[in-house]
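Topology and contacts: notes
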Amino acid sequence: MSSAPWREAARALFANPGALVALIVLALLIAAALFGPALNPNDLETLDWRHVAANPGLAHAHWFGTDRLGRDLFVRTLAGARVSMAVGLVAGAVSLGLGLAFGAVAGYVGGRTDDLMMRFIEIMSGLPLIFFVIFMTVIFGRNQLALFLVIGAVGWLTTARIVRGQTLSIRRQEFIEAAVASGAGTPRIILRHVVPNVIGPVIVYATLTVPQIILFESFLSFLGLGVQEPSASLGTLIAEGAGEMEAAPWMLLAPGLFLVALLVALNVFGDGLRDALDSRERR
Amino acid sequence: MLHYFLRRLAGAIPTLFIIVTLSFFLVRAAPGGPFDQEQALPAEISANLQRAYGLDQPVWRQYLRYLEGIVHGDFGPSFRYKDFTVTELIAQGLPVTFELGTLALAIAILIGIPLGALAALHRQSALDYLAVSLVALGIAIPSFVLLPLLALMFGIYLHWLPVAGWEAGSARHLVLPVAALSIPPLAYIARLTRGGMLDVLGSPFIRTALGKGLPLTTVIARHALRPALVPVAGYLAPAVASIMTGSLVVESIAGLPGIGRYLVQGAVNRDYTLVLGMVILYSALLIAMGLIVDLLYAWLDPRVRFER
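Quick caveat, the model's predicted, so the values are computed rather than measured.

Cut-offs applied
- Residues numbered from 1 in each chain as written.
- Chains lettered and ligands numbered in written order.
- Predicted model: local features only at pLDDT ≥ 70, side-chain atom pairs only at ≥ 80, totals over all residues.
- Helix = DSSP H or I, 4+ residues; strand = E, 2+ residues; numbered from the N terminus.
- Buried ≥ 20, exposed ≤ 12 C-beta atoms within 10 Å, placed from the backbone.
- Contact = placed C-beta atoms within 7 Å.
- Axes fitted to C-alpha atoms, helices over the stretch in contact; angles between N-to-C directions.
- Parallel < 35°, antiparallel > 145°, perpendicular 65-115°, else oblique.
- Left-handed = near helix turned anticlockwise from the far one by under 90°.
- Nonpolar A, V, L, I, M, F, W, Y, C, P; charged D, E, K, R; others polar.
- pLDDT = per-residue confidence, 0-100.
- Core = buried A, V, L, I, M, F, W, Y, C linked by C-beta atoms within 7 Å.

What follows deals with the overall build of chain A. Looking only at helices and strands, one finds 10 helices and 0 strands in chain A. The secondary structure elements of chain A, listed N-terminal to C-terminal, are α-α-α-α-α-α-α-α-α-α. Counting the 283 residues in chain A, one finds 46% classified as buried.

Put into structure tokens, the structure is as follows:
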């Protein structure tokens, strides 16, 4: 892989002010989620009976206010954001790994195996996956790890298609032929020669799956099917806030605006990255 | 054209069949049953319940019975809403969900397309920048955040509209839920229209049409709009999916008596037949939408019809 196209893409990305701002916002949000809770004396679960449903402000230690039980919303929002981001990363990695393995094998092996595998993808894409995930949460109970895996399994179909397309375009090239001639086995060729060469566009697509996954996790948690008490994610906090919005609107606003900022930043950055790498789309 | 449609239809039926089969056996594989409670039921009562719902039969026979029921529009009895069949529950809620969904889709299309087209025509004007920023926001904000925020703004602070609730025939109660449902797909449609329009406006046949001296509006209406809408047509099925998923939460936030709540409550209560029925219904709707999209595609882009 030569580095010139990457450098050119980085230049195109930095020439795009929207993507650059999104990147900065993203860095700030991540830093806030990682280090923010340590700046505040409160913790996730302590009930402060002197400040129940307190207004946000700097007069007391609850900068974003508190909920009905007197729990600090600054810490809860940022800790919830941390959970949402972790789900986004883990489930994003799951979908990237699945899609990469499936697409590379289908594209490289080809023939009837490819036909069968792509037929499988076609049928899976016809399924309303969101409903299936809701379904899965019924079946597997509300296990945190199962949730990560199931959400990750949703995003991999498109990744697999992209990987297969890229693999088809490189499998007739000389370096693959050379690897075959030197006696490398199929698994080795796929791992050492195919995957590293198709990973670029796939990573770009992955940056656009992460916000979808975060959104999806929040959606499930909002419905009460995702992250469970005592941990909180942005989705559970928004659900609590929506229930209390007449009396304590800050309970909705703090996690709601954080989620919106995170999703907008991720989307704008992902779009910028895609435009930068795909010169056809550049305008 | 008919041949094309029939081929697509023939592809849709096996998909639906696979969905039904897969969901049925997934449900049967689930640990724990719908009648599990804190206190274990006496063995005889539990056996009677199993018999009443046909759960004592071999699985393959239950499966065949279920398939036969579906063909006749019977999704079996609900396990939790005693004395109701799943079909009855769906029939009660479907009109509300359908009204909500079609309104949201219509608004998304009728506002999204002109917005995107105008932005493309006035590229890099203030209008374009405004549209692009609104689109970036609209795509990112999910319905379940948008609706509470809208309700806070227009319901609680401004008192213009009811915060939640439902009265048959009352349009005021529909405004906020429909807005929350339509804005994400609206933003997407506007973005796709803008992109499609920009692509088309740069192509040689438009230059030719303009070169012949045709007025701009004629060129757009007669030549540019149709090819520019191809990406939008491709998005319609995902748009319906997004509205259907959105309606799950929007109905529960706004307290609307649609079918969305059944899926969620069914999932929480382990009401298997209800969840099964809902998944099958939603899948069938999505597949039907996919077929409509295929037809639209073939109409918008003649090349599709002659493929393969």
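Next comes the rest of the account.
This part takes up the overall build of chain B. For chain B, the count of helices and strands is 13 helices and 0 strands. Ordering the α and β elements of chain B from the N terminus gives α-α-α-α-α-α-α-α-α-α-α-α-α. Referenced to the eigenvectors of the C-alpha coordinate spread, the extents of chain B come out at roughly 85 × 60 × 30 Å. The burial tally for chain B puts 38% of its 308 residues in the buried class. In chain B, 73% of the contacts between residues at least 6 apart in sequence involve partners at least 24 apart.

For the rest of this paragraph, the subject is the packing of helix α6 (residues 143–157) of chain B against helix α7 (residues 172–201) of chain B. Residue and element names in this part refer to chain B. One can describe the packing of α6 onto α7 by two numbers: an axis separation of 9 Å at closest approach and a directional angle of 140 degrees. Taken together, α6 and α7 sit at an angle that is classed as oblique. The interaxial crossing formed by α6 with α7 has right-handed handedness. Contacts from Ser143, Leu146, Leu147, Leu150, Ala151 and Phe154 of α6 reach α7 at Leu176, Pro177, Ala179, Ala180, Leu181, Ile183 and Pro184.

For the rest of this paragraph, the subject is the environment of A:Leu13. Residues and elements named next belong to chain A. Within the element layout of this structure, leucine 13 appears in helix α1 (residues 4–14). On the neighbour-count criterion, leucine 13 (18 C-beta atoms within 10 Å) is partly exposed. For the pair leucine 13 and phenylalanine 269, spaced 256 residues apart in sequence, the C-alpha separation works out to 8.9 Å. Apart from residues lying up to four places away in sequence, leucine 13 is in contact with Ala19, Gly272, Leu273 and Ala276.

How big an interface is tends to be stated in terms of the accessible area lost upon association of its parts. Taken residue by residue, the interface counts 31 residues in chain A and 36 residues in chain B. With 8 residues, helix α10 (residues 250–277) of chain A is the largest single contributor of residues to the side of chain A that touches chain B. Taken together, the residues that form the side of chain A that touches chain B break down as 24 nonpolar, 5 polar and 2 charged.

Turning to helix α11 (residues 260–269) of chain B, a few remarks are in order. Every buried residue of α11(B) is accounted for by B:Gly260, B:Tyr262, B:Leu263, B:Val264, B:Gly266 and B:Ala267. B:Arg270 sits one or two residues past α11(B) and shows a positive phi near 55 degrees.

All names here are of chain A. Contact geometry of helix α3 (residues 73–109) with helix α9 (residues 234–243) gives a least axis separation of 7 Å together with a crossing angle of 135 degrees. On the basis of their axis angle, the class for α3 and α9 is oblique. Here Arg76, Thr77, Gly80, Ala81 and Ser84 of α3 come into contact with α9, specifically with Leu234, Thr236 and Leu237. Taken together, the residues of the contact of α3 with α9 sort by class into 3 nonpolar, 4 polar and 1 charged.

Confidence in the prediction of chain A, expressed as mean pLDDT, is 76, and 80% of residues score 70 or more. When pLDDT is averaged over each helix and strand of chain A, the minimum, 69, is found for helix α5 (residues 129–140) of chain A and the maximum, 84, for α3(A).

Ranked by size, the top nonpolar core spans 152 residues in total, and within it A:Ile151, A:Ile238, B:Leu147, B:Ile189 and B:Met278 carry the most contacts. For this core, the element with the most residues is α3(A), which contributes 18 residues. Apart from residues lying up to four places away in sequence, B:Ile189 is in contact with B:Ala108, B:Ile109, B:Gly112, B:Ile113, B:Gly116, B:Val232, B:Tyr235 and B:Ala239.

With that out of the way, let us pick up the confidence of the model for chain B. All names here are of chain B. The predicted model of chain B averages 80 in pLDDT, with 92% of residues at 70 or higher. Per-element averaging of pLDDT across chain B places helix α13 (residues 302–305) at the bottom with 68 and helix α4 (residues 86–121) at the top with 87. Scoring the predicted complex yields pTM 0.78 and, for the interface, ipTM 0.73.

Across the 8 residues that make up helix α7 (residues 174–181) of chain A, only a small minority, 0, are buried. Downstream of α7(A) by one or two residues, A:Gly183 has phi in the positive range, about 90 degrees.

Residue and element names in this part refer to chain A. Here glycine 103 lies in helix α3. Overall, glycine 103 belongs to the buried group, with 30 C-beta atoms counted inside 10 Å. Taking the C-alpha atoms as reference points, glycine 103 and tryptophan 156, 53 residues apart in sequence, are found 9.6 Å from one another. In contact with glycine 103, not counting residues within four places along its chain, are Thr159, Ala160, Arg161, Ile162, Val163, Arg164 and Thr167.

As a further point, take the environment of A:Tyr108. Residues and elements named next belong to chain A. Assignment of secondary structure puts tyrosine 108 in helix α3. By the C-beta count within 10 Å, which is 24 here, tyrosine 108 ends up buried. It is 37 Å that separates the C-alpha atoms of tyrosine 108 and serine 218, two residues lying 110 residues apart in sequence.

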